[in-house]
Amino acid sequence: MSRKNAFPEAEWNLQNSYAGLPGIFYSRLKPDPVSGPSLLFLNNSLAEFLGLSVQGLSSKEELAVLSGNRIPGGACPLAQAYAGHQFGQFTMLGDGRAHLLGEQITSRGERFDIQLKGSGKTPYSRQGDGRAPLGPVLREYIISEAMHALGIPTTRSLAVVKTGEKVIREKVHSGAILTRVAASHLRVGTFEYAARWASTEDLQALADYSLQRHFPDYSAADNRYLFLLKEVIKRQAALIARWQLVGFIHGVMNTDNMTISGETIDYGPCAFMDAYDPATVFSSIDRNGRYAYGNQPPVGAWNLARFAEALLPLLHNNPEQGVQLARDAIAGFSDWFNYYWVSGMRAKLGIFNEEENDEKLFKDLLQLMENFCADYTNTFRTLMYAGGEKEELFHSQEFSKWQELWQARLDRQDASQTSSQELMKRSNPAVIPRNHRVEDALSSAVNNEDYTEMTGLLEVLKSPYNHSNPLQDYYTQPSAAKTPYRTFCGT
Ligand code: AMP
Ligand code: MG
């Protein structure tokens, strides 16, 4: 019998175009095999979206692929080289515990990276063991899928495999491998690596590859590398605005964790804010609040300035003019950010048209939330429905004054009250992955091998804008005992 008929196949349709880049950008090597793999989670809808067979992926033979024990046809496993600024310090990094198998080409002709994370050591592992503990892998699965359902560009999670091996950190953990799906894994840090260690020709090859992969309409641009810079700035401004609008805090916005595609990547100590406070930091490693909620937009601009620096040799033959082009492009970030943020806030407050003073109206509301320690997500939920206002904010005189201004603003637009409310429902999530719910789900999974809570949470997070479900449990803020909440990288 031919191998093709021996078991239900996953229908991989893999290429590896990244392997066509100059060799300095990667190391070809296979994942390290694991001894006792078992499939914990498979994302059926993502599998179908990618043109993969759910039945095939659930088979023993495909488990070997998802655990790094077998290389599927068409794959060309490699670890990517990159550098990055970590908390402001430049350093060499690279995939220290991940292998890019290749790119799955869908029947629609789209191309998605398929990467195993936690799949063993590589030349970039430094002191690391190349492995990932189960808890952080499940966390990335939950949050990345929640972000996707919220409509925010993100890498996604196809599967979680338990390796059957132990991973030693401050404690002993079960090891796991995440199959991560991404528009690509090109990072600002990939360009920093090229600028520091590769030739200008290699840097150019990387830039051309990025253009082809993510900005295919570049040919109309006079200066394609300036076009690349400006497009990445625009996508990142849009992305970070989306984070701010839902109260998401990435936690480790190092330049190696910032994509060229504009997707959110590398869910480490990330979390969603409960009470509104721009100084909110969850990550235990972010001691100075560099990556606090309110700092995310300026940090985004800082990271993009590192991207612009890396592109300098390509921007102009005359270095001074190159610097000027880069400066002007970076200066555009805050305008783009503001544009996306103000547009998003209008939608959150049911406003269709534009008025000059809108930004002030929005910032006044945020200031009130901050003064009254009001829950960010629930404040917008409450604004949608009359009655049931429990929080102190809603009983204050300051809020009444603000509400009058908001009502007058709504009255000045043509839209009906119903369409305004519909817009708000589409723009304000009913549920977000609240930290205490995520932690409860993870602790049952990791400590008791009980995945019911995690499965329930994943189900609810699939429809964050469904306001008809009575999901009281998922709205509740954490108890005082669970704040201030700290997330640990635990990598
Ligand atoms: P991250 O915090 O996931 O953005 O990772 C930062 C860098 O550390 C990347 O180069 C990772 O590949 C590397 N790294 C993180 N954990 C490990 C590990 N257990 N073994 C080897 N490299 C690791
Ligand atoms: Mg990273």
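Residues numbered from 1 in each chain as written. Chains lettered and ligands numbered in written order. Predicted model: local features only at pLDDT ≥ 70, side-chain atom pairs only at ≥ 80, totals over all residues. Heavy atoms only, no water.

**Some points on the overall build of the protein**
Okay, so step 1: From N to C terminus, the protein includes 16 helices and 13 strands.
Okay, so step 2: Computed over the C-alpha atoms, the radius of gyration of the protein is 23 Å, within 12% of the 23 Å expected from 2.2 N^0.38 for a compact globule of 491 residues.
Okay, so step 3: Seen through its C-alpha atoms, the protein measures out along the principal axes to roughly 75 × 60 × 45 Å.
Okay, so step 4: Taken across its 491 residues, the protein has 58% of its residues classed as buried.
Okay, so step 5: Carbon and sulfur atoms form 49% of the exposed surface of the protein, whose accessible area is close to 20,800 Å².
Okay, so step 6: Separation of charge centres in the protein, based on 48 positive and 55 negative side chains, amounts to 5 Å. (Helix = DSSP H or I, 4+ residues; strand = E, 2+ residues; numbered from the N terminus. Rg over C-alpha atoms; globule rule 2.2 N^0.38 Å. Buried < 20%, exposed > 50% of the residue type's maximum accessible area, 1.4 Å probe, protein only. Areas by Shrake-Rupley, 256 points an atom, 1.4 Å probe, with all protein chains shown as cover. Lys, Arg positive; Asp, Glu negative; His and termini not counted. Charge placed at Lys NZ, Arg CZ, Asp CG, Glu CD.)

**With respect to the coordination of the magnesium ion (ligand 2)**
Okay, so step 1: Here the magnesium ion (ligand 2) is held by Asn257 (OD1) and Asp266 (OD), and the distances to it run 1.9 to 2.2 Å. Each member of the pair asparagine 257 and aspartate 266 is classed as buried. (Donors = N, O, S within 2.8 Å, 3.2 Å for Na, K, Ca; no water.)

**Describing the pairing of strand E5 (residues 83-86)**
Okay, so step 1: Relative to strand E6 (residues 89-92), E5 is paired through 4 bridges, and the arrangement is antiparallel. Within E6, the residue paired with histidine 85 across the bridge is phenylalanine 90.
Okay, so step 2: Taking the residues that link successive antiparallel strands as the turn, the E5-E6 hairpin has 2 residues, and the phi of phenylalanine 87 there is positive, at about 45 degrees. (Pairing = 2+ DSSP bridges.)

**So, helix H11 (residues 376-384)**
Okay, so step 1: A large share of H11 lies buried, amounting to 9 of its 9 residues.
Okay, so step 2: Buried within H11 are the following residues: Tyr376, Thr377, Asn378, Thr379, Phe380, Arg381, Thr382, Leu383 and Met384.
Okay, so step 3: With a side-chain oxygen positioned 3.2 Å from the backbone nitrogen of threonine 377, the residue opening H11 is aspartate 375. (Polar contact = N/O pair within 3.5 Å; in protein donor to acceptor, adjacent residues only side chain to side chain.)

**Here we look at the site of ligand 1**
Okay, so step 1: Around ligand 1 sit 18 residues, and of these Gly94, Gly96, Arg126, Asp129 and Gly130 come closest.
Okay, so step 2: Measuring from a nitrogen atom of ligand 1, one finds a side-chain N or O atom of arginine 169 at 3.3 Å.
Okay, so step 3: The side chain of asparagine 257 places a nitrogen or oxygen atom 3.2 Å from an oxygen atom of ligand 1.
Okay, so step 4: When ligand 1 is considered free in solution it has 490 Å² of accessible area, and contact with the protein chains removes 84% of it.
Okay, so step 5: Among the residues forming the shell around ligand 1, the class breakdown is 2 nonpolar, 8 polar and 8 charged.
Okay, so step 6: Residue contributions to the shell around ligand 1 reach at least three from each of two domains, namely domain 1 (8-182) and domain 2 (188-341). (Near = heavy atom within 4 Å. Nonpolar A, V, L, I, M, F, W, Y, C, P; charged D, E, K, R; others polar. Domains from an automatic or database assignment.)

**Here's the deal with helix H10 (residues 358-371)**
Okay, so step 1: With 14 residues, H10 should reach 20 Å at 1.5 Å per residue; the first-to-last C-alpha distance of 20 Å fits that figure.
Okay, so step 2: Of all the positions in H10, only Asp358, Leu361, Phe362, Leu365, Leu366, Leu368 and Met369 are classed as buried. Taken down its axis, H10 places every buried residue within 160 degrees of arc, on the same side. For H10, exposure combined with an orientation more than 90 degrees from the buried face picks out Lys360 and Asn371.
Okay, so step 3: Its buried side turned inward, H10 meets helix H9 (319-348), H11 and helix H12 (397-411). (Expected span 1.5 Å × (residues − 1). Arc of directions from axis to C-beta. Contact = heavy atoms within 4.5 Å.)

**Remarks on the domain arrangement of the protein**
Okay, so step 1: Taken domain by domain, the protein comprises domain 1 (8-182) and domain 2 (188-341).
Okay, so step 2: Measuring from the centre of the C-alpha atoms in domain 1 to the corresponding centre in domain 2 gives 23 Å.
Okay, so step 3: Each partner contributes to the interface: domain 1 provides 35 residues, whereas domain 2 provides 38 residues.
Okay, so step 4: Together, the buried faces of domain 1 and domain 2 total about 3,100 Å²; carbon and sulfur atoms form 63% of this surface.
Okay, so step 5: Sorting the residues of domain 1 by area buried against domain 2 places Phe25, His85 and Phe87 first, and these three jointly supply 21% of that buried surface.
Okay, so step 6: Scanning the region where domain 1 abuts domain 2 turns up 4 salt bridges.
Okay, so step 7: With a shortest N-O distance of 2.7 Å, arginine 213 and aspartate 113 are connected by a salt bridge.
Okay, so step 8: The interface formed by domain 1 and domain 2 contains 17 residue pairs in polar contact (both at pLDDT 80 or more). (Buried area = accessible area lost by both parts, 1.4 Å probe. Salt bridge = Lys/Arg side-chain N within 4 Å of Asp/Glu carboxyl O.)

**Considering the packing of aromatic side chains**
Okay, so step 1: In this structure the tally under the stated criterion is 24 aromatic pairs.
Okay, so step 2: Geometrically, the ring pair formed by phenylalanine 41 and tyrosine 451 is edge-to-face, given 5.9 Å between the ring centres and 85 degrees between the ring planes. With phenylalanine 41 in strand E3 (residues 38-42) and tyrosine 451 in the loop between helix H14 (435-448) and helix H15 (452-461), the pair connects residues that are 410 residues apart, well separated along the chain. For the pair phenylalanine 41 and tyrosine 451, one class covers both residues: buried.
Okay, so step 3: Measuring from ring centre to ring centre gives 5.5 Å for tryptophan 243 and phenylalanine 248, while their planes differ by 65 degrees; the resulting arrangement is edge-to-face. (Phe/Tyr/Trp six-rings, centres within 6.5 Å; stacked < 30°, edge-to-face > 60°.)

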